[in-house]
Amino acid sequence: TQSALPNVLLIITESVRAIDACQSHPCATGPDFDRLLPIRVTFDQSRSLASYTAIALSALATGQIQLGSRHHLSHAPDFFDVARAARASGTRYSLAYWSSQLADVFERGPITQVADDVVTAETLLHGPAADIEDAVAALLDRRLAERCEQRMLQLKSPRFVVLHLSGTHAPYAFDDAHAPFQPWQRHVTWSGLTALHRAYLNALLEQDRSVGRCVQAFLSSTRNSPW
């Protein structure tokens, strides 16, 4: 019933706890996000429906609890189907899925069929990735942010863009020279869990810069359009 579809940017991050995310001002782990979106609604009681990425992503994408048959769940309509079906004044969404995750994280079939413009870890690495740790170690979220800046304006409005990040997945992506949470370690030991948690916080801060670059590109591209 609307005369114009809103531009949508859906950002999906990996393994982030609400207690460590931006719930208030100032935000130590997300200063760029905090600056760009100071007025927001925070769902600080949200819960993941699964501890495994692919299952949680399927639940998020479809709104379905993951208790049915795999055939049923893999064929359930997801947010891309909803966006593809939406129309206003004869316009349709330009669909983009920009991800530093592996291509097979979506169980519904070839990722290239999901959206008009698709980027995955394999795209950014210019070849296959054996494991999500390859994407994390390569700091692919930075390359994804660059892609976001380059492509956002090129997408026809209205846009439905999913930015799917990986850097806060273990072993945690950040530049060792810019790690304010000290001391930290990436390997897991019972005695070193506090230091491991600091590595995760450093990864949140690193990823915030990539999120900020894409949010800024999105806001600049929308101009006076609804979002």
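Residues numbered from 1 in each chain as written. Predicted model: local features only at pLDDT ≥ 70, side-chain atom pairs only at ≥ 80, totals over all residues. Heavy atoms only, no water.

1. Remarks on the overall build of the protein
Phase 1: Across its full length, the protein holds eight helices and four strands.
Phase 2: Reading the helices (α) and strands (β) of the protein from amino to carboxyl end gives β-α-α-α-α-β-β-α-α-α-β-α.
Phase 3: In terms of overall size, the protein behaves like a compact globule, its C-alpha atoms giving a radius of gyration of 18 Å where 227 residues would be expected to give roughly 17 Å.
Phase 4: Seen through its C-alpha atoms, the protein measures out along the principal axes to roughly 60 × 45 × 40 Å.
Phase 5: Here the protein displays about 12,400 Å² of accessible surface, and carbon together with sulfur accounts for 56% of that area.
Phase 6: Across the protein, the 20 positively charged side chains and the 22 negatively charged ones have centroids separated by 7 Å. (Helix = DSSP H or I, 4+ residues; strand = E, 2+ residues; numbered from the N terminus. Rg over C-alpha atoms; globule rule 2.2 N^0.38 Å. Areas by Shrake-Rupley, 256 points an atom, 1.4 Å probe, with all protein chains shown as cover. Lys, Arg positive; Asp, Glu negative; His and termini not counted. Charge placed at Lys NZ, Arg CZ, Asp CG, Glu CD.)

2. A closer look at the layout of surface pockets
Phase 1: In this structure, the largest pocket spans a volume of roughly 1,800 Å³.
Phase 2: Secondary structure elements with two or more residues in the lining of the largest pocket: β1 (8–12), α2 (53–62) and α8 (193–222).
Phase 3: Broken down by element, the lining of the largest pocket gets its largest block of residues, six residues, from α8.
Phase 4: Forming the boundary of the second largest pocket are E14, S51, Y52, T53, A54, Q101, L102, D104, V105, D131, I132 and H169.
Phase 5: Grouping the amino acids of the lining of the second largest pocket by side-chain chemistry returns five nonpolar, four polar and three charged. (1 Å grid on protein atoms, 1.4 Å probe; cavity = no way out; pocket = protein on both sides within 12 Å on 5 of 7 lines; lining within 4 Å. Points joined across faces, edges and corners; volume = space filled by probe spheres on them. Nonpolar A, V, L, I, M, F, W, Y, C, P; charged D, E, K, R; others polar.)

3. As for the packing of aromatic side chains
The geometry of two aromatic rings is summed up by the distance between their centres and the angle between their planes.
Phase 1: Summed over the entire model, instances satisfying the criterion amount to eight aromatic pairs.
Phase 2: Between the aromatic rings of F79 and F160, the centroid separation amounts to 6.3 Å while the plane-to-plane angle is 45°, which identifies the pairing as tilted. Separated by 81 residues along the polypeptide, F79 in helix α4 (residues 79–85) and F160 in strand β4 (residues 159–164) bring together distant segments of the chain. Across the pair, F160 and F79 agree in class, each one buried.
Phase 3: Ring geometry for F80 and F160: centres 6.1 Å apart, planes at 70°, overall edge-to-face. Of this pair, F80 sits in helix α4 while F160 sits in strand β4, placing them 80 residues apart in sequence. In this structure, F80 and F160 share a single accessibility class: buried.
Phase 4: The positively charged end of R186 is found above the aromatic ring belonging to F174, 4.1 Å away from the centroid. (Phe/Tyr/Trp six-rings, centres within 6.5 Å; stacked < 30°, edge-to-face > 60°. Buried < 20%, exposed > 50% of the residue type's maximum accessible area, 1.4 Å probe, protein only. Lys NZ or Arg CZ within 6 Å of the ring centre and 35° of its normal.)

4. Comments concerning the state of the cysteines
Phase 1: Taken as a whole, this structure holds one disulfide when the rule is applied.
Phase 2: A sulfur-sulfur distance of 1.9 Å marks the disulfide that ties C148 to C214. Taking the sign of the S-S torsion, 60° for the link of C148 and C214, the bridge is right-handed. Within this pair, whereas C148 is found in helix α7 (residues 140–151), its partner C214 is found in helix α8, the two being separated by 66 residues in sequence. Of the two residues examined, C148 and C214, each falls in the buried class. (Disulfide = S-S within 2.5 Å.)

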